[in-house]
Amino acid sequence: MEAIIAGGTVITMGQGGSIREGAVVIEGDRIVAVGKARELKAKFPRYERIDASGCAILPGLINAHQHISMGLLRGYADDYPLKEWLEEHIWPLEAKMKGYDMYVGSLLTCAESLLGGVTTVNTMYHYAHPEWNEAKAIADIGMRGVVGHVCFSWRKEQDRKALEDLVRRWHGAAGGRIRVSVDPHAPYTVDPDYMVELRQLANLYNERYGDKGRITFHIHVAETGDEPEKIKEAFGVSADKGVLAYLDELGVLGPDVVAAHCVFLSDLDIEVMAKRDVKVVHNPVSNMKLASGVSPVVDLLAAGITVALGTDGPSSNNTADMFETMKFAALLQKVVLGDPTALPAHAVLQMATINGARALLWDEIGALKPGKKADIIVVDMKKPHLRPLYSVESHLVYAARCSDVKIVMVDGELVVEDGELKTMRLEDIIEMAEKAKEDLLSRLESEGS
Ligand SMILES: [Zn+2]
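Conventions we followed
Residues numbered from 1 in each chain as written. Predicted model: local features only at pLDDT ≥ 70, side-chain atom pairs only at ≥ 80, totals over all residues. Heavy atoms only, no water. Helix = DSSP H or I, 4+ residues; strand = E, 2+ residues; numbered from the N terminus. Contact = heavy atoms within 4.5 Å. Phe/Tyr/Trp six-rings, centres within 6.5 Å; stacked < 30°, edge-to-face > 60°. Buried < 20%, exposed > 50% of the residue type's maximum accessible area, 1.4 Å probe, protein only. Lys NZ or Arg CZ within 6 Å of the ring centre and 35° of its normal. Domains from an automatic or database assignment. Buried area = accessible area lost by both parts, 1.4 Å probe. Salt bridge = Lys/Arg side-chain N within 4 Å of Asp/Glu carboxyl O. Polar contact = N/O pair within 3.5 Å; in protein donor to acceptor, adjacent residues only side chain to side chain. Nonpolar A, V, L, I, M, F, W, Y, C, P; charged D, E, K, R; others polar.

Asks: Which residues make up the environment of Gly17, and what values do they have?
Replies: Assignment of secondary structure puts Gly17 in the loop between β2 (9-11) and β3 (18-19). If we ignore the near neighbours within four places in the chain, the residues touching Gly17 are Val10, Ile11 and Thr12.

Asks: Let's hear about the packing of aromatic side chains: which residues, and what values?
Replies: Applying the stated criterion across every chain yields a total of six aromatic pairs. Summarising the aromatic geometry, the rings of Tyr205 and Tyr209 are spaced 6.4 Å apart at their centres and angled 55° between planes, so their arrangement reads as tilted. Here the residue Tyr205 and the residue Tyr209 both occupy positions in helix α7 (residues 192-209), the gap between them amounting to four residues, near one helical turn. Residue classification places Tyr209 among the buried residues on the basis of a relative accessible area of 15%. Every member of this aromatic cluster is reached through a ring pair, and the members are Tyr100, Tyr103 and Trp132. Geometry around Trp362 places Arg179 over its ring, the cationic atom sitting 3.9 Å from the centre.

Asks: Residue-level account of the domain arrangement of the protein chain, with values.
Replies: Segmentation of the protein chain into domains returns domain 1 (2-59 + 366-418) and domain 2 (61-359). Put simply, the middle of domain 1 and the middle of domain 2, counted by C-alpha atoms, are 28 Å apart. Each side of the interface is counted separately: domain 1 has 25 residues, and domain 2 has 31 residues. Summing both partners gives a buried area of about 2100 Å² for domain 1 against domain 2, and 68% of it is carried by carbon and sulfur. The interface formed by domain 1 and domain 2 includes two salt bridges. In this structure, Arg144 engages Asp411 in a salt bridge whose closest nitrogen and oxygen atoms are separated by 3.0 Å. Linking domain 1 to domain 2 there are seven residue pairs in polar contact (both at pLDDT 80 or more). Secondary-structure elements contributing two or more residues to the side of domain 1 that touches domain 2 are β7 (55-59), β16 (376-380), α16 (392-398), β17 (405-410) and β18 (413-417). If you tally residues by element for the side of domain 1 that touches domain 2, the top one is α16, at five residues. In terms of residue class, the side of domain 1 that touches domain 2 is made up of 17 nonpolar, two polar and six charged.

What follows is the structure, given as C-alpha cells:
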C-alpha cells in the first residue's frame with residue numbers, strides 16, 4: 001500500500017532517534033521515508049493517511065524465543081517443579097497433538113502476538129506435517145516469523161526428514177515473511193556428534209537456500225544450573241567450564257546461533273559468546289515462573305553481546321505479551337543488581353526491536369528507516385495510565401500494556417486496525433482452539449498417556 005502514518009511520536013530505534021509530530025511513509029512492503037509529519041504530508045499528498053496523533057509509532061516488536069504451537073497448552077499445568085511439569089503433564093498431552101492442533105495453537109498465539117504489537121516471532125517446535133504447522137499459521141495470519149524444527153538425539157532420522165521438508169517448503173515462503181532455522185533442543189538432549197551434524201546441516205542449507213535469508217541455529221542453553229551434570233550423565237563428556245565453552249569446543253558456535261535463556265554462565269562462556277558473536281535471547285517471565293534464575297543481561301550487554309527478548313512458550317509464561325516482558329526484563333535486573341539504573345527503558349526497547357532483528361540476522365526489520373520492511377506498530381497513548389506524557393520510551397516499557405496497541409502493519413499490510421485483527425476472524429480462532437482442546441483431552445483420556 002501507499003500510506004503515511006502520521007501525527008505521533010516516531011521511535012525509530014535507529015540513528016533517527018525519536019521524532020515528535022512525526023510520520024512514516026510506506027510504499028508496497030517498504031518504508032520509504034521517516035521524518036516530520038508536516039513535511040512528509042506535503043511531499044506525499046495523495047498517500048492514504050493513517051492518523052496516529054497522540055500515539056507512539058515504533059517498529060513491530062520481535063519475540064525472539066517462542067513455541068507458538070503451545071498456545072493450545074496454556075494454563076494446562078502450572079505451579080509444578082520443572083521435571084514434574086514436563087514429564088507428567090506437558091509431554092503426555094503434547095504427545096497427543098497432531099499437525100492440526102499445532103496449527104490451531106499457533107494461530108491462537110499469533111493472533112495474541114499481533115494484537116499485542118509483535119510482528120515477528122522466532123519459534124521452535126516439532127515440524128510434523130507439511131501443511132498443518134507453525135509456518136502455515138504465521139503465513140495465514142499475515143505475520144513474519146522464523147520457524148524451526150526441534151531436534152533430539154532419540155529421533156535423528158525423523159529430524160533429518162522434517163528439516164529437509166521444512167527448509168524446502170517454507171524458507172522464503174509467504175513473500176519472504178517466513179524463514180526457517182535448525183533447532184537442536186539443548187546440549188543435554190542432543191549428543192555431541194549430532195550437534196556437529198546439525199551445525200553442518202545448517203551450513204549446507206545456507207549454501208543452498210541462503211539467498212532467501214540466513215537459516216539460523218536456535219537452541220536452549222544454560223536454562224538451569226544442572227546442565228553440565230545432565231550433559232555428563234547423558235553423553236559422558238565434560239561441560240564443567242561452561243555449557244557455551246563446551247559448545248565452542250564442538251565448533252558449533254557462530255553469529256547465526258540464537259541461544260535462548262543463558263541463565264547459568266561462566267566467565268569463559270561470556271568470553272566465548274562475545275568472540276563468536278552468539279546472540280542471546282532473554283526470557284525473564286518464563287525464567288521467573290519456572291524458577292530457573294536470572295540471566296546476567298547487564299554483563300552480557302557490557303561484553304558487547306546482542307541480547308534480544310522473548311516470552312518463551314505460552315505454557316511457561318503464560319502470555320505472548322512483549323510489553324509485560326519488557327517491564328519484567330528491566331525490573332528483574334534492577335532488583336537483582338540492587339541498582340535502579342540497570343537496564344533502562346531505551347536498552348529494553350532495543351532488546352525488543354533492533355536486537356531481535358540482529359539476533360535473527362534479519363537486517364530488513366527492527367527499526368524505522370527508509371529501505372526497511374514496513375513492520376510498524378502504533379500504540380495509543382491517550383489512556384489514563386499513559387498520561388501525562390513526559391517520556392514516550394519510559395511509558396512504553398513501564399506503563400503501556402499490549403492492549404494499548406492500536407495499529408499493526410506487517411510487510412506493508414495492515415493486520416490490526418483499531419485494535420482488531422483484520423486478517424482472520426478472531427472468534428473463529430478461539431472456537432477452533434476450544435474445540436482442539438476438547439479433542440486433545442478426550443484423546444488423552446481414551447488412549448492414555
Ligand atoms: Zn523455550
